[in-house]
Amino acid sequence: MPVRIRRILVLQMAGVVLLALMAGFALRFALNRLDGDGAAPAGGAAGVAAVSLAGRTIVLDPGHDGGNSGAGAVINRLVPAGGFDKECDTVGAQTAAGYPEHAFTFDLAQRTAVILRARGARVVLTRGDDTGVGPCIDQRARTGNDLRAAAVVSIHADGGPVTGRGFHVIAPALSPDKANATILAPSTRLAGALRTAFGAATGLPLADYLGREGMTIRSDLGGLNLSRVPKVFLECGNMSNSTDAAALVEPAWRARAATGIADGLTAFLREGGTAGAAPPD
Ligand SMILES: [Zn+2]
C-alpha cells in the first residue's frame, strides 16, 4: 500500500475513534443531566471528596490513651471542666475480647487524618501516639482553641449496655460557666453532618439506648464546655455490644468509618457552618 494512502487510512481511523469518544462523552453528559441537574451530588461521598479543604485546620481528638490504665494518680486528678472540676482523663471502654477504646480511637483518628490531609486540610491530633498518659481534657480542648480550628471531633466508642446498639454524636449544651455559648449552633450543625455521613459510610444504626435520633446534648463534658471552636464527640459504636464490637475491631470497617468522619467534616466546612441538622428537642 502506498505510504500516502496508509497515512489517510490512519487519519480516518483516528477520526472514527475520536468521534466515538465524543459520542460516549455526550451520552454520559446527557445521562448525568437526566440523573439530576448536572450539579455535584448533594451529600454523597463523591461530592464532598472533591472539595478542597486547603487553608482549614481540623483537630482530631482520639479519646483516652494507652498509658492511662497504669497512671491513676495522674488521670484522676481534677482539672477545670467549664464551671466545675472533673478527672483529667479516663481509661475508656473495651470490647468483651479486650480491644481497648484508646487503640480504636487512635487508629481511627490516624485514618481520618490521612483522608482529610489528602483533601488539603491541616490536621492536628491531640496526642501523637497510643502509649502515653492523657492529655487531660482541658489540654485537649486548648489544642483546638489555640489553633483556632475550623472544627474539632473527639473520637470515642461507648461502653453502653450490652443490649444497646449503634453510634451517636454528642453536641455541647451551654456549659455551667456559660462560656461556650458561641459554639452551640455550629457544633450542632457539625453533629448533624457527622451523623449523616458516618451512618452512610458505616451502615451502623443510630444508638437505640440513649439520646434521640443518634444525638445527645450535654453540658457535663469538659471537652465541649471548654471549647471555643465548633466541636462534637462521636461515639462510634457500643463496645459492650457484640454486634457493634464485631464492626469496630475490623480494620476495613474502620477505614469506612474514617471516610464517614472525613465526609461529615467536609460537608460541614463546605456549608461554611450555615446549614445542617436541627437539634433534637
Ligand atoms: Zn471514650
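Please refer to the structure placed before this passage.
The structure presented is a predicted model; accordingly, all values stated were derived computationally and were not measured.

Engineer: Account for the overall build of the protein chain, naming residues and giving values.
Structural biologist: Across its full length, the protein chain carries nine helices and eight strands. When each of the 281 residues of the protein chain is scored for burial, the buried share is 46%. For the protein chain, restricting intrachain contacts to residue pairs at least 6 apart in sequence, the fraction spanning at least 24 positions comes to 81%. Carbon and sulfur atoms provide 60% of the accessible area of the protein chain, an area that totals close to 13,300 Å².

Engineer: I'd like a description of the state of the cysteines, backed by residues and values.
Structural biologist: On inspection of all chains with the given rule, the structure shows one disulfide. The disulfide partner of Cys 88 is Cys 136, and the gap between their sulfur atoms is 2.2 Å. Every disulfide takes its handedness from the sign of the S-S torsion; for Cys 88 and Cys 136 that torsion is -90°, giving left-handed. Residue Cys 88 is located in the loop between strand E3 (85-87) and helix H4 (101-118), and its partner Cys 136 is located in the loop between strand E4 (122-125) and helix H5 (137-146); the two are separated by 48 residues in the primary sequence. One exposure class covers both Cys 88 and Cys 136, and it is buried.

Engineer: Residue-level account of the sheet that holds strand E8 (residues 231-238), with values.
Structural biologist: Overall, mixed pairing links the six strands, which are arranged E4-E1-E5-E8-E6-E7 in an open sheet. On the outer flanks of this sheet lie E4 and strand E7 (215-218), each paired with one strand and no other. Shown here is a sheet whose adjacent strand axes are inclined to one another by a mean of 25°, direction ignored. One ladder, built from three bridges, connects strand E6 (residues 168-172) with E8; its direction is antiparallel. Paired with His 168 across the strands is Glu 235, a residue of E8. Strands in contact with H4 are strand E1 (57-62), E4, strand E5 (151-158) and E8; relative to E5, the strand with the most contacts, it is inclined by about 145°.

Engineer: So what about unusual backbone geometry? Which residues, and what values?
Structural biologist: Going from Gly 134 to Pro 135, the amide bond is cis rather than trans, its omega being 0°. Positive phi, close to 45°, is recorded for Arg 148, a residue that is not glycine. Along the chain, Arg 148 turns up in the loop between H5 and E5. The backbone of Lys 178 shows a phi angle near 55°, a positive value even though the residue is not glycine. Inspection of the secondary structure puts Lys 178 in the loop between E6 and helix H6 (184-202). The exposure class of Lys 178 is exposed, given its relative accessible area of 59%.

Conventions adopted
Residues numbered from 1 in each chain as written. Predicted model: local features only at pLDDT ≥ 70, side-chain atom pairs only at ≥ 80, totals over all residues. Heavy atoms only, no water. Helix = DSSP H or I, 4+ residues; strand = E, 2+ residues; numbered from the N terminus. Buried < 20%, exposed > 50% of the residue type's maximum accessible area, 1.4 Å probe, protein only. Contact = heavy atoms within 4.5 Å. Areas by Shrake-Rupley, 256 points an atom, 1.4 Å probe, with all protein chains shown as cover. Disulfide = S-S within 2.5 Å. Pairing = 2+ DSSP bridges. Axes fitted to C-alpha atoms, helices over the stretch in contact; angles between N-to-C directions.

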